[in-house]
Structure formats: C-alpha cells, structure tokens
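For reference, the chains in residue letters:
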Amino acid sequence: MHIIITDAWLAKSRAVHLNGFKLVGAGMLAAVVLMLASITTYHWFFLEGVRQGWPGFASVARLVHQTEADSKDAYLRANLDAMARKLGEMQARMMQIDSLGERVAGLAGLNPAEFKKIPGSGGALVASRDISMPELMQALDKVEVSSGSRVDWLTVVESRLFDQKIQQTLVPTEKPVDGVQVGSSFGFRIDPITGRSALHTGLDFPADVGTPILAAAGGVVVVQEYHSAYGNMIEIDHGNDLITRYAHASQTFVKKGDIVKRGQKIASVGSTGRSTGPHLHFEVWVAGVPQDPQRFLAAGEKLAAARPAALGPRKP
C-alpha cells in the first residue's frame, strides 16, 4: 500500500511540472503578441495624429524628418569633402605631369613652351567654404579636358622621340669592328700596291682573320657577292640614299634581301680581293657619293658619351 501511494504521487508531480512549462510558453507568446500590438497601435496613433493635425504631433514629425535630413546632409558632405581632397591630389599630379612633359619635350627637340599647362593662379586665403556638387563636377570636367590635351601632346612627343630613335638606328654610327683602331683613313694616300697617290674611299680596320664584322646600322642587304677589288663584299641599304659597304671579308653570314640590325654580325675579317693583309675596308655612300665614315662614327661616339650613365649602355 505504501508503494502504490508513492507512484501515484510521482505521476501527479510530473503532470504539474509539464503543465508549468506550458504556462511559461503561453505567457511568453502573450507578451510578444502584446508588444506587437502596442507597437502597431503606437504607429497608428502617431500617424493618425500627424494626419489629423493633433496638437504636438506635427512638431514631433518635423523633428524626426529634420534629424533624418541632417543625417543625409552630413553623409553627403563627408563624401563631397573626400572627393574634393582626391580632386586636389589629381590636380597636384597633373602639375607633376606638366613639369615632366616640359623636360621630355625639350629632349625631343620640341619647344617646351608649347606644352599646355594649367594657367598660374593664387592669392591670399580670405575665407574658405565647403565645395558644392555642381562646383565639384565642373572641376572634374576641367581635369578631364586638361588630361585629354596632355595625352595628345605627349603622343606627339612620343612620335618625335620614336622618329629620332629610328633615324639613329638607320644612321651608320656603330663601329664595324669592335676594339680596333683605324689603320688607313679616308682621302688621298699612297696606294699600298701601286705606290702612287690614289683616293681611299673608306676606312681600313686591320684585324685578325675571323674577327667579327658588325653592321654599322640597321638596314637591308642589297649586295652580297665576290668583287675583284673588294673581295667578299656586303652592301647594306639604310634608306634615304645611304649605303654602307664591307669589303675583303673571309666569310659572309647574310645574303641579299636579309634585314639586319645595328651591331649584328654579318661577316668575318679576311684578305680577299685587292688586299695586302687581313682587314675590313668600310665605306659610307650618300646619294652615290663616298663620304668619310669617320664623321658618322664620331657622331656615334658623341651620342654614347652624352647618354646618361643611369640609362645604361645602348642596346643594339
């Protein structure tokens, strides 16, 4: 009898405990419903008061709208100030580009005064104010127009520098035999075979057989043949009626129609043809008239000496 009473009591306790949890859940649900109903009622009451113009509601509504408007204005002002600072940085960078453009224009042989730059301006700062959106957009438009004109001008400078580079590449200023001094210069001399005075139409570079012969400039090979006087001979056309000739070679490594670069190995020193010993006979012809090659080589040496050390040696 004692055991039966105990089991019944335990079952009753569990039922009461479960019913307590259900009550707590129902209470929380009722609180949520009550809170949502209160919020809905408040908003309806507030909006109705504003629509009906009840005393006090209009001022509260204006205050709320004013606060929101002030927040938006502050946000826009912060963005405008940030954009204005970036605009100032862009204008400062444009001034640096102007200065660089003037120096590069001078190197290209153009008048630096022609480089379009921002007109000077200044004065005492009396008062400052925040920039407006229309003023910012106007300043950005000016920067865009100014940058476009600078791009056009720098394109002209680039084209001029490119033309100069091409001209330098096609002018025979590269020494055809590296590290060798001239043995016989251009002009009248005593011919080594006949012993009589004769015009020497080029420069002689005495060197061992097999020493590389280099193209004095870029161009197109127009002659590669054996000549009774010049021996194994190569002629390169550099355009503008300018031709270089390389004679007495032991071997040639290019053929007619080949395009060669400045400093490219085109042959080897030899003693073929009318020659008393291994050497390179080098000639420069302009419009069918032989010229002193030393003038071209001297110009190349001056260019190399004037080249800033920071740029390094000139590449072929």
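Whatever comes next refers back to the structure up there.
A quick note: this is a predicted structure, and the numbers were derived from the prediction, not measured.

A. How the structure looks around the overall build of the chain. Within the chain, the regular secondary structure consists of four helices and 11 strands. Counting the 316 residues in the chain, one finds 26% classified as buried. For the chain, contacts bridging at least 24 residues in sequence account for 63% of all contacts bridging at least 6. Working note: accessible area of the chain is about 21100 Å², and carbon and sulfur atoms make up 63% of it.

B. Molecular detail of the side chain of D204. Looking at the secondary structure, you find D204 in strand 3 (residues 203–206). Of note is the side chain of D204, whose polar atom sits 3.3 Å from the side chain of R189. Ignoring anything within four residues of it in the chain, the contact list for D204 reads Q181, V182, G183, S184, R189, H279, L280 and H281.

C. Spatial organisation of unusual backbone geometry. The residue H248 is not glycine, and still its phi comes out positive at about 70 degrees. Topologically, H248 is positioned in strand 7 (residues 242–252). Residue classification places H248 among the buried positions, given a relative accessible area of 5%. Positive phi outside glycine occurs at A287, with the angle close to 55 degrees. Within the secondary structure layout, A287 lies in the loop between strand 10 (279–286) and strand 11 (289–291).

D. Expanded view of the environment of D191. In this structure, D191 sits in the loop between strand 1 (187–190) and strand 2 (197–200). Accessibility expressed as a relative area gives 9% for D191, which makes it buried. When residues no more than four places from it in sequence are discounted, the contact partners of D191 are R196, A198 and R274.

E. Quick look at the pattern of salt bridges. Tallied over the entire structure, the rule returns six salt bridges. D191 serves as the salt-bridge partner of R274, at 2.9 Å between the closest nitrogen and oxygen. With R274 in the loop between strand 9 (265–269) and strand 10 and D191 in the loop between strand 1 and strand 2, this pair connects stretches of sequence that are 83 residues apart. A salt bridge links R245 to E235, with the nearest nitrogen and oxygen atoms 2.6 Å apart. Here R245, found in strand 7, pairs with E235, found in strand 6 (residues 231–237); they are 10 residues apart in sequence, far enough to count as distant.

F. Molecular detail of the packing of aromatic side chains. Applying the stated criterion to the full structure yields one aromatic pair. Summarising the aromatic geometry, the rings of Y246 and F282 are spaced 5.4 Å apart at their centres and angled 45 degrees between planes, so their arrangement reads as tilted. Separated by 36 residues along the polypeptide, Y246 in strand 7 and F282 in strand 10 bring together distant segments of the chain. Over the ring of Y230 we find R245; its NZ or CZ atom is 4.7 Å from the centre of that ring.

Cut-off values and rules
Residues numbered from 1 in each chain as written. Predicted model: local features only at pLDDT ≥ 70, side-chain atom pairs only at ≥ 80, totals over all residues. Heavy atoms only, no water. Helix = DSSP H or I, 4+ residues; strand = E, 2+ residues; numbered from the N terminus. Buried < 20%, exposed > 50% of the residue type's maximum accessible area, 1.4 Å probe, protein only. Contact = heavy atoms within 4.5 Å. Areas by Shrake-Rupley, 256 points an atom, 1.4 Å probe, with all protein chains shown as cover. Polar contact = N/O pair within 3.5 Å; in protein donor to acceptor, adjacent residues only side chain to side chain. Salt bridge = Lys/Arg side-chain N within 4 Å of Asp/Glu carboxyl O. Phe/Tyr/Trp six-rings, centres within 6.5 Å; stacked < 30°, edge-to-face > 60°. Lys NZ or Arg CZ within 6 Å of the ring centre and 35° of its normal.

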